[in-house]
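Fold and geometry: a report
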Amino acid sequence: MMKLKNIYLAFTMVFVFAVLAGCADPDIVVTPEPAPQEESLIEDPIAEEIVEPVIVEEIIIEEQQDYLAPDAQAILERRVYFGFDQYILTEKEQEILKEKITVLENNPSIRIQVAGYCDDRGTQEYNLALGERRALAVYNYFIQNGIDASRLETISYGKLFPAVEGQDSYAWALNRRAQFEIIQ
Amino acid sequence: MKKIVFFSVFFLSILLVHSTPSFSKTVTIDISSPTGKNTLSISLAQPYGNVQPNYKEALEQSMLKDIKYVPFLRRASNYKIMYGPNTNIEFNKLEAVGIDLLFAFLWNSDGKNTFVEIRAFDVLSSSTIFKQTYQIRNQASIQQAADDAMSRLLQHLIGNGSLFKSRIFFVQKQAPFKYDLWSMFPNGSDLKQETNIQGLILSPNISPDGKHIVFAHLDRRRHTLAILDRSKRTIKRVVYPQGTSVISPTFTPKGMIAVALSFKGSPSIYEVDKNLVRRGKLIAGRSINVSPSFSVKNPDSIVFTSSMLGGPQIFIKNMQTGKVDRISTEGRYNTDASISDDGKYIAYVRMAKEGRRIYLYDTTTKRTRQITFGPGDDDTPAFAPDSYFIAFVSTRNKKSQLFLTTRQGTPAIVMPGKGNQLVLDPTWSLIN
């Protein structure tokens, strides 16, 4: 019985590995110089083609083991906040970043994206620039403290995707943030 | 000879005396002063002629819809006159009940084809503004007839009738991470989805020839500068180094693209050609420089938002001389400027305690005044090609919607849209 279970487990692992290998994204190559790329649009933009998924085989994959301890992941995902129209990291925010740096040093394979956001009192185009400065403030802090630039990405979403809906100082304060996501 | 001169002068004098009243008394809309007459009352006569009743009703509905989107026109309710080919209109009666303008409709059919003649009258001068015949084939041609008639009326009233011939483009949220580009006429007709792509489209702008649309595209990893070829239905994107922010691209009147690109946190405004190759810097500095805007009349001037003095303010730079002038002088946060095609007006957003509002700077008088009043937030003003109407986004109805006002600040009218999803970044094109 035990032997059968082992064979089944091995078979499942091989199958899962094959599926994952097939789905893996190619490495992202950052082009230093502008390289225009063309992509086609769907001919009739309104008539969106709906493709029904075909289920070939239903596979139940056991939840993947976190290769980052949950508390470390929580530290990495903790947000830092900024003042209105500001991108300066306060001492309190720097303390939060120091904890992240420790996690990054202990997990050298991990890469993270830093996304800068703003509250919705400003306007979108200016806020895209401000959000970028917030993301870069964090990025630069990481670099200055020994994290390799190749492990970091930044993006600004301006005032899009607020963390909290609302028109009060509480909501605004929680939306002026840098958010962190582990990337492959 | 003396007699001839004497009689000529005599008859000319009589002619002038008799014709003077019609010049002095005519319907006008004061578009330069908020104290002038800023609302005109318009009546639609009972349609005349034997054609399908649904055609008559559809045309009337289309006319009423268009009237609704012109902030200074008001329908004279409950007053409808009968009008036929031989009717002598009693203009004094119309004037007595406060009617300034009259539309009349003469329908006829030769069995195969249906036609309608639309006549517009100036009640105060008892004169015909225009009469135009349209062939009616279907619902779309009814809307086109109404739009053309309204264009002719606007041409007469404000000297530019392009509003109903101009297409408005805007971004609308389709899903949490999918914002597409849509377009329509300001009365909501001919609504089209222009793109269907993943990611976020922001700050679209149409080329002067109407063939291309440039926009910033955001996916989950980066910003890119993208250009849509409307005839080929393809999008070309330029990928800058990771972390670059691409903000507020816009076509210049010369057909180039001005775009704020930020490589290290200080967006400068670059000039980029249609192949998306950088040609040079228009606005540089260590501050935030975004949101370029150009007028057709003064293509060498660029209006932009800059934090060069601390908080964001509006500036104009003469590209020939390099001279930079500050436009916004009050308030700590002024952004999102749009200069009219005639170069005379700059609309922009000011943040105030009660919310964001749109202000208008007159480049001739150098004076600024508020033209929108909320509630909620009023954002992203965009001058129509006629330099008179202004589209903007407002949350005054607790959701983001497109509105239409004028540079006079006439009461804003909500434009029809699709659904209740987030709407952003209106922009116009006279070429459809």
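Heads up: these notes are all about the structure in this document.

Here the focus is the sheet that holds strand 22 (residues 345–352) of chain B. Residues and elements named next belong to chain B. Taking strand neighbours across the sheet as the criterion, the 4 strands line up as 21-22-23-24 in an open arrangement whose pairing is antiparallel. Where the open sheet ends on each side, the last strands, each with one partner, are strand 21 (334–339) and strand 24 (367–370). Looking at each pair of strands side by side, their axes are set apart by 25 degrees on average, direction ignored. With 8 bridges connecting them, strand 22 and strand 23 (residues 355–362) associate as antiparallel partners. Residue alanine 347 lies in a different strand from strand 23, and its bridge partner there is leucine 360.

Another point: the packing of helix 2 (residues 53–68) of chain B against helix 4 (residues 139–158) of chain B. Residues and elements named next belong to chain B. At a minimum axis separation of 9 Å, helix 2 and helix 4 run at an interaxial angle of 45 degrees. Relative to helix 4, the element helix 2 lies oblique. Where helix 2 crosses over helix 4, the two elements pack in a sense that is right-handed. For the pair formed by helix 2 and helix 4, the contact residues are Tyr55, Ala58, Leu59, Ser62, Met63, Lys65, Asp66 and Ile67 on the first element and Gln139, Ile142, Gln143, Ala145, Ala146, Asp147, Ala149 and Met150 on the second. When the residues that make up the contact of helix 2 with helix 4 are grouped by side-chain class, the tally is 10 nonpolar, 3 polar and 3 charged.

The next thing to look at is the interface of chain A and chain B. Contacts between the two partners involve 47 residues from chain A, matched on the other side by 57 residues from chain B. Surface buried jointly by chain A and chain B totals about 4,400 Å² across both partners, of which 54% is contributed by carbon and sulfur atoms. Here chain A and chain B share 1 salt bridge between them. Along the contact surface separating chain A from chain B lie 15 residue pairs in polar contact (both at pLDDT 80 or more). Listing elements by their share of the side of chain A that touches chain B, those giving two or more residues are strand 1 (37–40), strand 3 (111–117), helix 4 (124–144) and strand 4 (152–158) of chain A.

Moving on to unusual backbone geometry. Residues and elements named next belong to chain B. Of note, the bond from glycine 374 into proline 375 is cis; its omega dihedral lies within 30 degrees of zero at 0 degrees. For proline 375, the position within the fold is in the loop between strand 24 and strand 25 (378–383). One non-glycine residue, serine 248, adopts positive backbone phi at about 55 degrees. With respect to the element layout, serine 248 can be found in strand 13 (residues 245–251).

Before going further, it helps to spend a moment on the nonpolar core. Among the nonpolar cores identified, the biggest contains 53 residues, and Tyr157 of chain A together with Leu202, Phe215, Leu225, Ile257 and Ile269 of chain B are the most heavily contacted of them. Excluding anything up to four places from it in sequence, leucine 225 of chain B contacts Val214, Phe215, Lys236, Arg237, Val238, Tyr240, Val246, Pro249, Val259, Val272 and Leu276 of chain B. Counting 52 residues, the second-largest nonpolar core is a separate cluster that includes Tyr55, Phe103, Met184 and Val393 of chain B.

This part takes up the pairing of strand 25 of chain B. All names here are of chain B. Summarising burial for strand 25: 6 of the 6 residues are buried, a large majority. Pairing analysis gives 4 bridges linking strand 25 to strand 26 (residues 389–394), with the strands arranged antiparallel. Following the sheet pairing, alanine 382 is matched in strand 26 by alanine 391. Between strand 25 and the antiparallel strand that follows it, strand 26, lie 5 residues; serine 387 among them carries a positive phi value of about 60 degrees.

This part is about a nonpolar patch on the surface. All names here are of chain B. Together, Met308, Leu309 and Val324 make up a nonpolar patch on the protein surface, roughly 260 Å² of accessible area in all. Along the chain, valine 324 falls in strand 20 (residues 324–326). On the basis of relative accessible area, valine 324 is assigned to the partly exposed category, the value being 37%.

The next point concerns helix 2 of chain B. Under the 1.5 Å per step criterion, the end-to-end length of helix 2 of chain B is 23 Å for 16 residues, consistent within 8% with the ideal 22 Å. Packing partners of the buried residues in helix 2 of chain B comprise strand 1 (40–44), strand 2 (73–75), strand 3 (101–109), strand 4 (114–122), strand 5 (127–136) and helix 4 of chain B.

Time to look at helix 3 (residues 91–106) of chain A. Residues and elements named next belong to chain A. Between its terminal C-alpha atoms helix 3 stretches 23 Å, which fits the 22 Å expected from 16 residues at 1.5 Å a residue. The complete set of buried residues in helix 3 reads Glu93, Ile96, Leu97, Lys100, Ile101, Val103 and Leu104. Taken around the axis of helix 3, the buried residues stretch over an arc of 160 degrees, which confines them to a single face. In this structure, helix 3 carries Glu91, Lys92 and Asn106 as exposed residues pointing more than 90 degrees from its buried face. Buried residues belonging to helix 3 abut helix 2 (70–77), strand 2 (80–81), strand 3, helix 4 and strand 5 (177–183).

Criteria and cut-off values
- Residues numbered from 1 in each chain as written.
- Chains lettered and ligands numbered in written order.
- Predicted model: local features only at pLDDT ≥ 70, side-chain atom pairs only at ≥ 80, totals over all residues.
- Heavy atoms only, no water.
- Pairing = 2+ DSSP bridges.
- Helix = DSSP H or I, 4+ residues; strand = E, 2+ residues; numbered from the N terminus.
- Axes fitted to C-alpha atoms, helices over the stretch in contact; angles between N-to-C directions.
- Parallel < 35°, antiparallel > 145°, perpendicular 65-115°, else oblique.
- Left-handed = near helix turned anticlockwise from the far one by under 90°.
- Contact = heavy atoms within 4.5 Å.
- Nonpolar A, V, L, I, M, F, W, Y, C, P; charged D, E, K, R; others polar.
- Buried area = accessible area lost by both parts, 1.4 Å probe.
- Salt bridge = Lys/Arg side-chain N within 4 Å of Asp/Glu carboxyl O.
- Polar contact = N/O pair within 3.5 Å; in protein donor to acceptor, adjacent residues only side chain to side chain.
- Core = buried A, V, L, I, M, F, W, Y, C linked by side-chain atoms within 4.5 Å.
- Buried < 20%, exposed > 50% of the residue type's maximum accessible area, 1.4 Å probe, protein only.
- Patch = residues over 30% accessible without salt bridge, like charges linked within 9 Å, V, L, I, M, F, W, Y side chains within 5 Å.
- Areas by Shrake-Rupley, 256 points an atom, 1.4 Å probe, with all protein chains shown as cover.
- Expected span 1.5 Å × (residues − 1).
- Arc of directions from axis to C-beta.

Honestly, that's just the spatial picture; any functional story needs more than this.
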